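# A structural walkthrough
This is what each chain is made of:
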Amino acid sequence: MSYTVFDWQKSAWELSRAALARGAHALLFAGARGCGKRELALALAAAYLCDAPQPDGRACNQCESCRWLAAGSHPDFALVEPAAEDDDAEPKTRPAPKRSNAITVDQVRGLSDLMSITAHRDAGKAIVVHPAEALNVAASNALLKSLEEPPPRTVFLLVSHRPALLLPTVRSRCQLVPVRIDDPAPARAWLAANAECDDPELVLALAGGAPLAAVSIAEDPVWSRRAGFLRALAAPDADPVRIADLYRDLPPAQVLSWLQTWTFDLVQIRFCGRARYHRDMEPIAAGVAQLLEPIEATRLHRSLLALQRHVNHPLNARLFVEHMLIAYRQALAHNAIPV
Ligand SMILES: [Zn+2]
């Protein structure tokens, strides 16, 4: 097993290494879901524990420590994640039993053995928490004690998609390491090499620029049906009942996700002249955007948000999808499109 530092993470990698070299004991990797923060934190932990790091600071992948890590049995390392962590945007190293979405206080307390005993090896100890916003209040407070009085040569690497959700006291004890993709070129190149898709740039745009999330989209068989769905939505005579029938085999959450990004882009085009998610459909979307009044767009956005709460457990999936498509159609109909 090798630990990856992606090409778009070079500045975050150097920043985090420099922080550890200065003696920081807690880092917070923050960035969009699917930009590879978890991999970066694991790579840093591996490098911190490695007996013979490479000249660029990465783990050697050969020493005893690296072999233990690869086997999942390193005595001075812990990865703390929710039992039900299902972040398919960021590859996992273990199967995820469907249990809690939270990191519980018992999981944090379970670290006490690791923290109280002397490190088995000279390098120290490393603990990765992912995603840190999954720590519930009790777990956050338990972790806070360790962050305030860190055991010797122990580093805490917290990973967060939404750092604003962390307890401020936890956040303030960590050095922030932003993981951004300032230059999309390395992300595009990586995606082209790692996913089978005809248009990596488009898939990257759909994923909000996050390459690992883009792989999930490209590998989803549903992806091939997206264009047809959007064309049906854009048709002047779009019939919500017929579209719901055509796509009745899709999960309502998928249809809602397409509808939300489509609506977002209609407004985006109207005000900024450019689509964010539908670069491939921009001319078609621009035509529809002219038919959607801003006040109707706001209403539609709110009604789709309200549906989001029930999307995973609708009483009747077919009616649920029809309902959201009718809301979309009505928003357009307000501008005198014949329905
Ligand atoms: Zn090594």
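Residues numbered from 1 in each chain as written. Predicted model: local features only at pLDDT ≥ 70, side-chain atom pairs only at ≥ 80, totals over all residues. Heavy atoms only, no water.

### Considering the coordination of the zinc ion
Around the zinc ion, the protein contributes the donor atoms C50 (SG), C60 (SG), C63 (SG) and C66 (SG), at 2.2 to 2.4 Å from the metal centre. Considering all four donor atoms around the zinc ion, angles at the metal cover 103 to 117° and the coordination shape is tetrahedral. (Donors = N, O, S within 2.8 Å, 3.2 Å for Na, K, Ca; no water. Tetrahedral: all angles 85-135°; square planar, octahedral: opposite > 155°, others 65-115°.)

### Digging into the confidence of the model for the chain
Confidence in the prediction for the chain averages 88 pLDDT; 93% of positions are at 70 or higher. At the level of individual helices and strands, the chain shows its lowest average pLDDT in helix α5 (residues 112–116), which scores 82, and its highest in strand β1 (residues 26–30), which scores 98. Throughout residues 86–98 the model reports pLDDT below 50, and contacts reaching past four residues in sequence, or to other chains, amount to 39 contacts. (pLDDT = per-residue confidence, 0-100. Helix = DSSP H or I, 4+ residues; strand = E, 2+ residues; numbered from the N terminus. Contact = heavy atoms within 4.5 Å.)

### What about the nonpolar core?
F229, L233, W262, M324 and Y328 are the most contacted members of the largest nonpolar core, which has 37 residues in total. Listed by contribution, the elements that provide at least two residues to this core are α11 (226–234), α12 (240–246), α13 (252–272), α14 (282–289), α15 (294–308) and α16 (317–333). If you tally residues by element for this core, the top one is α16, at eight residues. When sequence neighbours within four positions are dropped, the list of residues in contact with W262 reads L230, L233, A234, H278, M281, I284, A285, V288 and Y328. Formed by 33 residues, the second largest nonpolar core is a distinct cluster that contains Y3, A45, A46 and C50. (Core = buried A, V, L, I, M, F, W, Y, C linked by side-chain atoms within 4.5 Å. Buried < 20%, exposed > 50% of the residue type's maximum accessible area, 1.4 Å probe, protein only.)

### A word on α14
Looking only at α14, the buried set comprises E282, A285, V288 and A289. The arc enclosing the buried residues of α14, seen along the axis, measures out at 120°, which places them on a common side. Along its buried surface, α14 packs onto α11, α13 and α16. (Arc of directions from axis to C-beta.)

### Some points on the domain arrangement of the chain
Along its sequence, the chain is carved into domain 1 (7–180) and domain 2 (220–333). The C-alpha-based centres of domain 1 and domain 2 are spaced at 38 Å. (Domains from an automatic or database assignment.)

### With respect to unusual backbone geometry
Cis peptide bonds are those with omega within 30 degrees of zero, and the linkage from H130 to P131 qualifies with -15°. When you line up the elements, P131 lands in the loop between β3 (125–129) and α6 (137–148). Not every positive phi belongs to a glycine, and N61 is a case in point at roughly 65°. Relative to the helices and strands, N61 resides in the loop between α2 (37–49) and α3 (64–71). Using a relative accessible area of 30% as the deciding quantity, one classes N61 as partly exposed.

### Focus on the sheet that holds strand β4 (residues 154–160)
The strand order across the open sheet built from five strands is β2-β3-β4-β1-β5, with neighbouring strands paired in parallel fashion. The open sheet has two edge strands with one neighbour each: β2 (77–80) and β5 (175–178). Ignoring which end each strand starts from, the neighbouring axes of this sheet average 15° apart. Judged from the four bridges that link them, β1 and β5 form a sheet pairing that is parallel. Opposite L27, over in β5, you have Q175 as the bridge partner. (Pairing = 2+ DSSP bridges. Axes fitted to C-alpha atoms, helices over the stretch in contact; angles between N-to-C directions.)

### Some remarks on the packing of α11 against α13
The interhelical angle for the contact between α11 and α13, taken along N-to-C directions, is 60°, at an axis separation of 11 Å. One element, α11, and the other, α13, form an angle in the oblique class. You can see that α11 and α13 cross each other, and the crossing is right-handed. Here R226, F229, L230, L233 and A234 of α11 lie close against α13, whose contacting residues are V255, W258, L259 and W262. Its residues assigned to classes, the contact of α11 with α13 comprises eight nonpolar, no polar and one charged. (Parallel < 35°, antiparallel > 145°, perpendicular 65-115°, else oblique. Left-handed = near helix turned anticlockwise from the far one by under 90°. Nonpolar A, V, L, I, M, F, W, Y, C, P; charged D, E, K, R; others polar.)

### Looking at the pattern of salt bridges
Taken as a whole and assessed by the stated rule, the structure comprises 16 salt bridges. The salt bridge partner of R17 is E14, with a shortest N-O separation of 3.6 Å. Separated by three residues within a single helix, R17 and E14 lie in helix α1 (residues 10–21), roughly one turn from each other. Here E14 falls in the partly exposed class, since its relative accessible area comes to 42%. (Salt bridge = Lys/Arg side-chain N within 4 Å of Asp/Glu carboxyl O.)

### Considerations on the packing of α13 against α16
At their nearest, the axes of α13 and α16 sit 10 Å apart, and the two run at 10° to each other. Looking at the two axes, α13 sits roughly parallel to α16. Packed against α13, whose contacting residues are P252, V255, L256, L259, W262 and L266, the element α16 presents A317, F320, V321, M324, L325 and Y328 at the interface. A per-class count over the contact of α13 with α16 returns 12 nonpolar, no polar and no charged.

### Focus on the packing of aromatic side chains
Applying the stated rule across the entire model yields six aromatic pairs. Residues F6 and W190 carry aromatic rings whose centres are separated by 5.3 Å and whose planes lie at 80° to one another, so their mutual orientation is edge-to-face. With a gap of 184 residues between them, F6 in the segment before α1 and W190 in helix α8 (residues 184–194) connect regions that are remote in the sequence. Here F6 falls in the buried class, since its relative accessible area comes to 7%. A relative accessible area of 21% means that W190 is categorised as partly exposed. (Phe/Tyr/Trp six-rings, centres within 6.5 Å; stacked < 30°, edge-to-face > 60°.)

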